[in-house]
Amino acid sequence: MKAPAQGLSVGVVGASSLLGKELLAVLKERAFPVARMVTAENDEAEPDMPVVDLREGFEPAILRENVAEKDFDVVFIASPIRPQGKQPDDSRPPSFLDSPVQLAHAAGCTVVDLDEGLAGQPGGVLRVPFLERGGAASHASQQAPASFYVSAHPACIVLSALLLRLAARFTLTSAVAEVFAPASEIGPQAVDELQRQTSGLLSFQEIPQAVFGRQLAFNLLPRFAHGRATGAALGAIEKRIHQQLAGYLGQRTVLPAVRVFQAAVFHSLAVSLYVETREPAPVEALEEALKGPRLVLSRLREPAPSQAEASGASDILVDAVVRDESRARGAWIWAVADNLRLAALNAI
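Residues numbered from 1 in each chain as written. Predicted model: local features only at pLDDT ≥ 70, side-chain atom pairs only at ≥ 80, totals over all residues. Heavy atoms only, no water.

*Asks:* Just to check I follow, could you spell out the overall build of the protein chain for this structure?
*Replies:* Secondary structure summary: the protein chain contains nine helices and 14 strands in total. Going through the 348 residues of the protein chain one by one, you find that 51% of them count as buried. For the protein chain, long-range pairs separated by at least 24 residues make up 73% of all intrachain contacts whose partners lie at least 6 apart in sequence. Summed over its atoms, the accessible surface of the protein chain is roughly 16000 Å², and 53% of this surface lies on carbon and sulfur atoms. (Helix = DSSP H or I, 4+ residues; strand = E, 2+ residues; numbered from the N terminus. Buried < 20%, exposed > 50% of the residue type's maximum accessible area, 1.4 Å probe, protein only. Contact = heavy atoms within 4.5 Å. Areas by Shrake-Rupley, 256 points an atom, 1.4 Å probe, with all protein chains shown as cover.)

*Asks:* Looking at this structure, I do not really get helix α4 (residues 154-167). What am I missing?
*Replies:* Think of an α-helix as 3.6 residues a turn; residues three or four steps apart then line up on the same face. An ideal rise of 1.5 Å per residue puts 20 Å on 14 residues; α4 measures up with 20 Å between its terminal C-alpha atoms. Along α4, 13 of the 14 residues are buried, which leaves the element largely enclosed by surrounding structure. (Expected span 1.5 Å × (residues − 1).)

*Asks:* Help me out: how do you make sense of the pattern of salt bridges in this one?
*Replies:* Under the criterion given, the structure shown has eleven salt bridges. Measuring nitrogen to oxygen at the nearest pair gives 2.4 Å for the salt bridge that ties Arg127 to Glu132. Where Glu238 meets Arg259, a salt bridge forms, and the shortest distance between an N and an O atom there is 3.7 Å. Within this pair, whereas Glu238 is found in helix α6 (residues 234-249), its partner Arg259 is found in strand β9 (residues 257-263), the two being separated by 21 residues in sequence. On the accessibility criterion, Arg259 (38% relative accessible area) is partly exposed. Salt bridges sharing common partners tie together Glu22, Glu29, Arg30 and Arg341. (Salt bridge = Lys/Arg side-chain N within 4 Å of Asp/Glu carboxyl O.)

*Asks:* How should a nonpolar patch on the surface be read in this particular structure?
*Replies:* Taken together, the side chains of Leu300, Val322 and Trp332 present a nonpolar region at the surface, about 310 Å² in accessible area. Within the secondary structure, Val322 sits in strand β13 (residues 322-323). (Patch = residues over 30% accessible without salt bridge, like charges linked within 9 Å, V, L, I, M, F, W, Y side chains within 5 Å.)

*Asks:* Is there a simple way to explain the nonpolar core in this structure?
*Replies:* Soluble globular proteins tend to bury their nonpolar side chains together. Counting residues in each nonpolar core, the largest one holds 82 residues, and the members touching the most others are Phe76, Val158, Leu162, Phe212, Leu273 and Ile316. Setting aside residues no more than four positions away along its own chain, Ile316 makes contact with Phe130, Ile157, Val158, Ala161, Arg294, Leu295, Val296, Ala335, Val336, Ala337 and Leu342. (Core = buried A, V, L, I, M, F, W, Y, C linked by side-chain atoms within 4.5 Å.)

*Asks:* Looking at this structure, I do not really get the sheet that holds strand β6 (residues 148-151). What am I missing?
*Replies:* Strands pair in a sheet through their backbones, by hydrogen bonds, and they do so in one of two ways: parallel or antiparallel. Spatially, the six strands line up as an open sheet ordered β2-β1-β3-β4-β6-β5, and their pairing is parallel. The open sheet has two free edges, formed respectively by β2 (34-40) and β5 (124-127), since each of these has just one partner strand. Between one strand axis and the next, the sheet turns by 25° as a mean value, whatever way the strands run. Sheet analysis places strand β4 (residues 110-113) next to β6, joined by two bridges and oriented parallel. Among the inter-strand pairings, Asp113 is bridged to a residue of β6, identified as Val150. (Pairing = 2+ DSSP bridges. Axes fitted to C-alpha atoms, helices over the stretch in contact; angles between N-to-C directions.)

*Asks:* Is there a simple way to explain the packing of aromatic side chains in this structure?
*Replies:* Each aromatic ring pair is described using two quantities: the centre-to-centre distance and the angle formed by the ring planes. By the definition in use, this model includes six aromatic pairs. Seen from their ring centres, Phe212 and Phe224 are 5.4 Å apart, and the 65° between their planes marks the pair as edge-to-face. With Phe212 in the loop between α5 (188-202) and β8 (220-221) and Phe224 in the loop between β8 and α6, the pair connects residues that are twelve residues apart, well separated along the chain. By the burial criterion, Phe212 is buried, and Phe224 matches it. Plain terms: the ring middles of Tyr274 and Trp332 are 4.9 Å apart, the flat faces sit at 50° to each other, and that makes the pair tilted. Pair noted here: Tyr274 is in strand β10 (residues 269-277) and Trp332 is in strand β14 (residues 330-337), with a separation of 58 residues, a long-range link. (Phe/Tyr/Trp six-rings, centres within 6.5 Å; stacked < 30°, edge-to-face > 60°.)

*Asks:* How should the side chain of Thr277 be read in this particular structure?
*Replies:* Secondary-structure assignment places Thr277 in strand β10. On the basis of relative accessible area, Thr277 is assigned to the buried category, the value being 3%. In this structure the side chain of Thr277 is engaged in a polar contact, spanning 2.6 Å, whose partner is the backbone oxygen of Glu279. (Polar contact = N/O pair within 3.5 Å; in protein donor to acceptor, adjacent residues only side chain to side chain.)

Rendered as structure tokens:
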């Protein structure tokens, strides 16, 4: 089924997820050489999202079918994989795209995991390709051969970009990061509930709380009510970011302390990063160190980049570095990025 002369045979697992739709959109936008597309839909029903509907223009080329490893050049995994037989009416025929074990050990095609679809499977290598060119390339070459690739979480990408570029010029002694996650990080149910909470509060109606367990609209949450959040709750996201940063940064720079908060925004994440250098460093020198591909810096006289502004942007938007008033060696960095687009671009 492959057509290498005309292009690649591509599979997308979780094509109906928010991340999967963004991945398909970016594949098309970047003219990825696709000769044949197979999309594996997940079974989760999606709510109607009239305000932020990402399904516009989404047309899978070929629906899921019974295919094998030999039929693909590249497989992207954009959602957790549900083992067959776990659903009440799951009578689907066996498929390579439904097996985490087969995907993790595929030798005939490249597998890229964007959303922990292969969590727990050995052999994955974490990648942030744009950071591995030039001076950081040696880190990628020193890793063990990959059975599959793990595309880093967007927060890990943002923090790694900031920390590694600073560490190339300065010795960092400590770092603390606060990550403000959007509803789209959890999924369409969270986006829908935030939308309904917002409209309900403005019209003095009762608000739904099935996903967050409490009011998120016009609010900020450090955690969800016990037993009410989805599988991608804040604790799981925080753990994933910690593990990826530890694995990716290694001994190249200081490992930051990280806390994740749920923000009342639909899309795009924000990061507030505090760093301390061994010796006091001028703000101008810190900003100069951050310059490079995929990071766009604002000047102090310009408006600070916001999560709304980052939506749809391919780059990480970084505000002017601010010196900490009480610590001569400390500085604050604010950065925002479209979480879905950054994840898709990194994978591609």
